[in-house]
Amino acid sequence: MTYQRIAVVGAGAWGAALANVAARAGRSVVLIARDDTAAAAIRAAGASPHLPDVALDPAIAIATGAAAAAEADAVLLVVPAQAHGAVAATLAPVLRPGTPVVACAKGIERGTRRFMTEVIAGSLPAATPAILSGPSFAADVARGLPTAVTLAAVDEAVATALAHSLGTTTLRPYHATDTRGVEIGGAAKNVLAIAVGIVRGRRLGASAQAALTTRGFAELMRFGRAYGARAETLTGLSGLGDLILTCSSRQSRNFSLGVAIGEGLSPAEARHSGLLAEGAFTAPVLVEMARERDVDMPIAGAVAAVLDGRLSVDQAIEALMTRPFRAEH
Ligand SMILES: NC(=O)C1=CN([C@@H]2O[C@H](COP(=O)(O)OP(=O)(O)OC[C@H]3O[C@@H](n4cnc5c(N)ncnc54)[C@H](OP(=O)(O)O)[C@@H]3O)[C@@H](O)[C@H]2O)C=CC1
Ligand SMILES: O=C(CO)COP(=O)(O)O
C-alpha cells in the first residue's frame, strides 16, 4: 500500500527536502508554508529560503492554511519541535480520522516533557502518529544524494506503507515500530552534538571528540532504556547513525552552535545565528527528564549548564574530566 497524496506542513529546509523526496517517489505533493508571504517567496524563488540552493520539484503545489491538507492521505509535519503541538492542532478540523501524521522534528516539548508522537496524539487524537528520523542533512536529501532514515509507527503496516510511499533509489526509509526509540535518538543526539562542537571549537583534538561522542552515546542509551526504547533502535540510524553524522559535520546547526561557543562566543551570541539548533531547546528538558528517572547524563547536563550560563566552557570541561573514575559499562 502507498499513500498517494502527501501534505508537507512546514516549508523550511527539511520540509522542502522531504517535499522533493515525496515528489521524486511519484507522489502528489502539497507543501504548506507558514503564511502567504512565505508561500509567495517560495513560488518566486522556486525554493525554500531556508534551502535556497536546491530547487523544489516544479510538480509540488505551494499552499498555505490547514485546509490545503484536507485531501492528504498522509501528512509530514516539518516545523520545529516546539511548534509541533500548535501546528498539529490546526489540522484537527480537516484531516480524515486515521490519517498518518509523521513527526519530522527532532526534539522534546518543553514544559509538557512530551516526545513528538505524544505531541501529535495530544493535538490530533484521531490521527495515526508516526516519526521519521535518521542521519540526513536536508541539503543532501533534497539534492538526491544517497541517504537512509527510520520511519516508525506503532502499527507496522502503517510504517511499511509510509516507507513505500517515500522511498526512492536515493532515500531508503527503514520501517520500525519502536516510535519511542526513534524519537529519543533524534532528540538526544542534537544535545550531544553541541557538546562535541564545543570540543571542536576549543581545539581539544580528534581523540577528545571521539571520546565525547562515545560517552554521549552511552548517555543516549541510558536515557533511551529508562524511557522504554529498544536497544536495537538506539544503535540504529536514528540513534547512533544520526549521532555520528551530527557530531562530525559543520553542516549540522547543532554542532556549529557548539563550535561557535567553543571558539569563544557567548551562548546568547552563538544562538543569534538565525539557524534552528533544536538541541538548545531540548537540553534542559532532556536533563530534567533524565533526573526524574535517575539517569546519569553528565555531558547533556554540561551542555544545558553552558547554554544557560551556569558553567563556562572551561568549567564544564573540568567538571567532566574530574568525575570519579568508573567502570565503562
Ligand atoms: N535541516 C535538516 O537537515 C533536518 C532537520 N530536521 C528537523 O526538522 C525540523 C525543522 O527543521 P528545518 O526545516 O531544518 O528548520 P528551518 O528553520 O529550515 O525551517 C523551519 C520551518 O518551520 C516554520 N515555522 C517555524 N515556527 C513555526 C510556527 N510556530 N508555526 C508554523 N511554522 C513555523 C518556519 O517558517 P518561517 O520560515 O516563516 O520561520 C520554517 O518554514 C527540526 O526539528 C529539525 O531538527 C530533521 C532532519 C534534517
Ligand atoms: O538532524 C540533522 C541531520 O540528521 C540535521 O542536523 P542539524 O539540525 O544539527 O543541522
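Fair warning: this is a prediction, and the values are worked out from it, not measured in the lab. (Residues numbered from 1 in each chain as written. Chains lettered and ligands numbered in written order. Predicted model: local features only at pLDDT ≥ 70, side-chain atom pairs only at ≥ 80, totals over all residues. Heavy atoms only, no water.)

1. Things to note about the site of ligand 1
Here comes step 1: Among the 19 residues in the neighbourhood of ligand 1, the closest are listed as Arg34, His50, Ala138, Arg253 and Glu278.
Here comes step 2: In the environment of ligand 1, an oxygen atom lies 3.1 Å from a nitrogen or oxygen atom belonging to the backbone of Lys106.
Here comes step 3: A distance of 2.6 Å separates an oxygen atom of ligand 1 from a polar side-chain atom of Glu278.
Here comes step 4: When residues of the shell around ligand 1 are assigned to domains, at least three map to each of domain 1 (5-177) and domain 2 (187-322). (Near = heavy atom within 4 Å. Polar contact = N/O pair within 3.5 Å; in protein donor to acceptor, adjacent residues only side chain to side chain. Domains from an automatic or database assignment.)

2. Notes on the packing of helix α7 (residues 179-201) against helix α8 (residues 206-226)
What describes two packed helices is the angle between their axes and the distance between those same axes.
Here comes step 1: Relative orientation of the contacting elements α7 and α8 amounts to 155°, with a least axis distance of 10 Å. Accordingly, the angle class assigned to the pair α7 and α8 is roughly antiparallel. As α7 runs across α8, the sense of the crossing is right-handed. Across from Ile184, Gly185, Ala188, Lys189, Leu192, Ala195, Val196, Val199 and Arg200 in α7, the residues of α8 making contact are Ala208, Gln209, Leu212, Thr213, Gly216, Glu219, Leu220, Phe223 and Gly224.
Here comes step 2: Class assignment of the residues belonging to the contact of α7 with α8 gives a composition of 10 nonpolar, five polar and three charged. (Axes fitted to C-alpha atoms, helices over the stretch in contact; angles between N-to-C directions. Helix = DSSP H or I, 4+ residues; strand = E, 2+ residues; numbered from the N terminus. Parallel < 35°, antiparallel > 145°, perpendicular 65-115°, else oblique. Left-handed = near helix turned anticlockwise from the far one by under 90°. Contact = heavy atoms within 4.5 Å. Nonpolar A, V, L, I, M, F, W, Y, C, P; charged D, E, K, R; others polar.)

3. Structural notes on the sheet that holds strand β5 (residues 100-103)
Here comes step 1: Taken together, the eight strands give an open sheet; going across it, the order is β3-β2-β1-β4-β5-β8-β9-β10, and neighbouring strands pair in mixed fashion. At either margin of the open sheet sits one strand with a lone partner, and together these are β3 (61-64) and β10 (171-176). For this sheet the average axis-to-axis angle between neighbouring strands, irrespective of direction, equals 25°.
Here comes step 2: Packing against the sheet, helix α3 (residues 84-91) makes contact with β1 (5-9), β4 (74-77) and β5, and its axis sits at approximately 155° to β4.
Here comes step 3: Its contacts with the sheet place helix α10 (residues 237-246) against β8 (128-133), β9 (147-153) and β10, and it is angled at close to 150° to β9. (Pairing = 2+ DSSP bridges.)

4. Concerning the pairing of β5
Here comes step 1: Of the two faces of β5, the one lined by Pro100 and Val102 and the one lined by Val101 and Ala103 are each fully buried.
Here comes step 2: Where β5 and β8 come together, four bridges link them in parallel fashion. Directly across from Val101, in β8, lies its bridge partner Pro129. (Buried < 20%, exposed > 50% of the residue type's maximum accessible area, 1.4 Å probe, protein only.)

5. Points about the pattern of salt bridges
Here comes step 1: Overall, the coordinates contain 14 salt bridges when judged by the stated rule.
Here comes step 2: Between Asp242 and Lys106 there is a salt bridge, with the nearest N and O atoms lying 2.7 Å from each other. With Asp242 in helix α10 and Lys106 in the loop between β5 and β6 (108-109), this pair connects stretches of sequence that are 136 residues apart. Of the two residues, Asp242 and Lys106, both sit in the buried class.
Here comes step 3: Between Arg202 and Asp314 there is a salt bridge; the shortest N-O distance is 3.2 Å. One end of the pair, Arg202, is in the loop between α7 and α8; the other, Asp314, is in helix α15 (residues 313-321), with 112 residues separating them in the sequence.
Here comes step 4: Sharing partners across several salt bridges, the network here consists of Arg5, Glu71, Asp73 and Arg96. (Salt bridge = Lys/Arg side-chain N within 4 Å of Asp/Glu carboxyl O.)

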